[in-house]
Amino acid sequence: MSALVLVLNAGSSSLKYQLLDADSGTVSASGVVERIGEPDAKAVARHTVSGEATTRDVDAPDHHAAMRVVLDAFATDGPPLRPQDLYAVGHRVVHGGDLFRSPAIVDDAVIDAIEDLVPLAPLHNPGNLAGIRAARAAFPTTPQVAVFDTAFHQTLPPHAFTYAVPREWRERHRVRRYGFHGTSHAFVSRRLATLLGRDVSETNVVVLHLGNGASAAAVAGGACIDTSMWLSPLEGLVMGTRPGDLDPALPSHLAREGVPIEDYDRALNAGSGLRGLTGTNDFREVERLVEAGDPDAALALDIVSYRIAKYVGSYAVALGRLDGIAFTAGIGEHSPRLRAEVLARLGLLGIRVDADRNAGGPSERVVTADDSAVPAWVVPTNEELEIARQTLAVLR
Ligand code: ADP
């Protein structure tokens, strides 16, 4: 049988999909339905086959309707999507808490467990669940698999995932480090070991997933041993609109200053990071501002690269031996400037960037000099392929 997997990434108001062969990685179609359930705007669907995109205004008051829009797009624009040709549907699910260490074949108990984890990911798990329910209704006889963003980080040792907070918080409120972007960290760390010509089980790497959201992971012998995000995707690196590490005293300080908690939440999720420092969360725009001599943008670049370098340094200590560094996601793959700034701060580790290798776009390549003590690579991430592969693996 073919290894055709429909990968779904359902957000609160969007449904992204990709139809691909999990063995070969060949993508036969992809697309997205956006603005699902928005009262004031029509939903928009984009379906891409062989590089040709078709965009339509559609009615999608909920995820079930959005799923029908997707099926219509396949029926109209191709390729044919017949349930009997489909090996499985693979779902991205953001939070698996400490219940899911690996992908899970979806049944009612798995759905209940994902529901139970909503308090840990109130912005994400409900949308993921809506996508699962819609896909189960659309493909009632096709196996469905949930692939969790947190699962790859379940190998963290207790000294890395435990916060030094009261026992009641840890036990009753499930306060611990969970980590995100796990699918990307899994894919990229394994790929980097291959590129280094080493066995995964004997390779220690740091993966820097630098997109609008950003996180670092320390991976030893294929198992994640530390990562920079915890309960929510706020901690760690400076991101597009989120601050990364902060003093936990900040909320009570601001409360005493009269800042309402809603303003605080909004500012941390949508008004901090690059946007808080420069007014934009688009890294290309930040780079343009730096070129134009804007001091805020120059400071932002310093803050971002300094924070990343500190994490790499601390993860080198955690790993004991560092065999390679991978830059991935939008900024990590596309920005030679950021990579150069980060690597320049890592001279203590004997790292030396090669300006020619580092220049240019997102192709897979080494960007350090031959005499660099640790090689750094650009490794484009592919979360859909990783979800498809994990889906296939758990079923086979
Ligand atoms: P998301 O977390 O939303 O998936 P992406 O991985 O797509 O994010 O990354 C988005 C970020 O990548 C944005 O800040 C964007 O400006 C940045 N980016 C995309 N292309 C480039 C480029 N050519 N140069 C610098 N930054 C880029």
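(A) Geometry of the environment of V379. Within the element layout of this structure, V379 appears in the loop between β14 (376-378) and α15 (383-395). V379 gets classed as buried once you look at its relative accessible area, which sits at 0%. Put simply, V379 and L208 are 171 residues apart on the chain and 9.8 Å apart in space, counted from C-alpha to C-alpha. V379 has contacts with V188, R191, L192, L195, A326, F327, T328, E333 and E364, leaving out every residue within four places of it along the chain.

(B) Representation of the site of the ligand within the structure. By nearness alone, every residue bordering the ligand is listed as G211, N212, G213, N281, D282, F283, R284, E287, A329, G330, I331 and H334. Taking N212, its main chain carries an N or O atom lying 3.1 Å from an oxygen atom of the ligand. For the ligand, the accessible surface in isolation is 590 Å², of which the surrounding protein chains cover 66%. Judged by its atoms lying within 2 Å of the grid points, the ligand is housed in the second largest pocket. The set of elements that each furnish at least two residues to the shell around the ligand consists of α10 (283-291) and α12 (329-334). The biggest single contributor to the shell around the ligand is α12, with four residues. When grouped by side-chain class, the residues that make up the shell around the ligand number three nonpolar, six polar and three charged.

(C) Seen up close, the pairing of strand β4 (residues 43-49). Judged by how many residues are buried, β4 sits mostly within the fold: five of seven residues are covered. Looking at chain direction, β4 and strand β5 (residues 52-58) are connected through seven bridges and run antiparallel. Along β5, the bridge assignment pairs A43 with V58. Counted between consecutive antiparallel strands, the loop separating β4 from β5 contains two residues, among which S50 sits at a positive phi close to 50°.

(D) Molecular detail of the packing of helix α6 (residues 182-195) against α15. It is the contact of α6 with α15, at a shortest axis distance of 9 Å, that shows an interaxial angle of 90°. Compared by their axis directions, α6 and α15 come out roughly perpendicular. Taking contact as the criterion, the partners of T183, S184, A186, F187 and R190 in α6 are, on α15, E383, L385, E386, I387, R389 and Q390. Its residues assigned to classes, the contact of α6 with α15 shows four nonpolar, three polar and four charged.

(E) Focus on helix α2 (residues 108-116). Where α2 is concerned, the buried positions are V110, I111, A113 and I114. For α2, the buried positions fall inside an angular range of 160° around the axis, keeping them on one side. Every exposed residue of α2 that faces more than 90 degrees away from the buried side is listed here: D108, A109 and D112. On its buried side, α2 packs onto β6 (88-93), β7 (104-105), α3 (125-138) and β8 (144-148). Two or three places before A109, at the opening of α2, D107 has a side-chain oxygen 3.1 Å from that residue's backbone nitrogen.

(F) A look at the layout of surface pockets. The calculated volume of the second largest pocket comes to roughly 260 Å³. Looking at the second largest pocket, it is lined by 13 residues, and the ones nearest its centre are D282, F283, R284, G330 and I331. At the level of elements, α10 and α12 are the ones that each hand at least two residues to the lining of the second largest pocket. Residues of the lining of the second largest pocket, tallied by class, amount to three nonpolar, seven polar and three charged.

(G) The arrangement of the sheet that holds β4 in detail. Spatially, eight strands are ordered β5-β4-β3-β2-β1-β6-β8-β7 in an open sheet, and the strand pairing comes out mixed. The sheet is open, and its two edges are formed by β5 and β7, each paired on a single side. Bridge count for β7 against β8 is two bridges, and the pairing is antiparallel. What sits directly across from I105, in β8, is V145. Strands in contact with α15 are β1 (4-10), β2 (14-21), β6, β7 and β8; relative to β6, the strand with the most contacts, it is inclined by about 120°.

Analysis parameters
- Residues numbered from 1 in each chain as written.
- Predicted model: local features only at pLDDT ≥ 70, side-chain atom pairs only at ≥ 80, totals over all residues.
- Heavy atoms only, no water.
- Helix = DSSP H or I, 4+ residues; strand = E, 2+ residues; numbered from the N terminus.
- Buried < 20%, exposed > 50% of the residue type's maximum accessible area, 1.4 Å probe, protein only.
- Contact = heavy atoms within 4.5 Å.
- Near = heavy atom within 4 Å.
- Polar contact = N/O pair within 3.5 Å; in protein donor to acceptor, adjacent residues only side chain to side chain.
- Areas by Shrake-Rupley, 256 points an atom, 1.4 Å probe, with all protein chains shown as cover.
- 1 Å grid on protein atoms, 1.4 Å probe; cavity = no way out; pocket = protein on both sides within 12 Å on 5 of 7 lines; lining within 4 Å.
- Sits in = over half its atoms within 2 Å of the grid points.
- Nonpolar A, V, L, I, M, F, W, Y, C, P; charged D, E, K, R; others polar.
- Pairing = 2+ DSSP bridges.
- Axes fitted to C-alpha atoms, helices over the stretch in contact; angles between N-to-C directions.
- Parallel < 35°, antiparallel > 145°, perpendicular 65-115°, else oblique.
- Arc of directions from axis to C-beta.
- Points joined across faces, edges and corners; volume = space filled by probe spheres on them.

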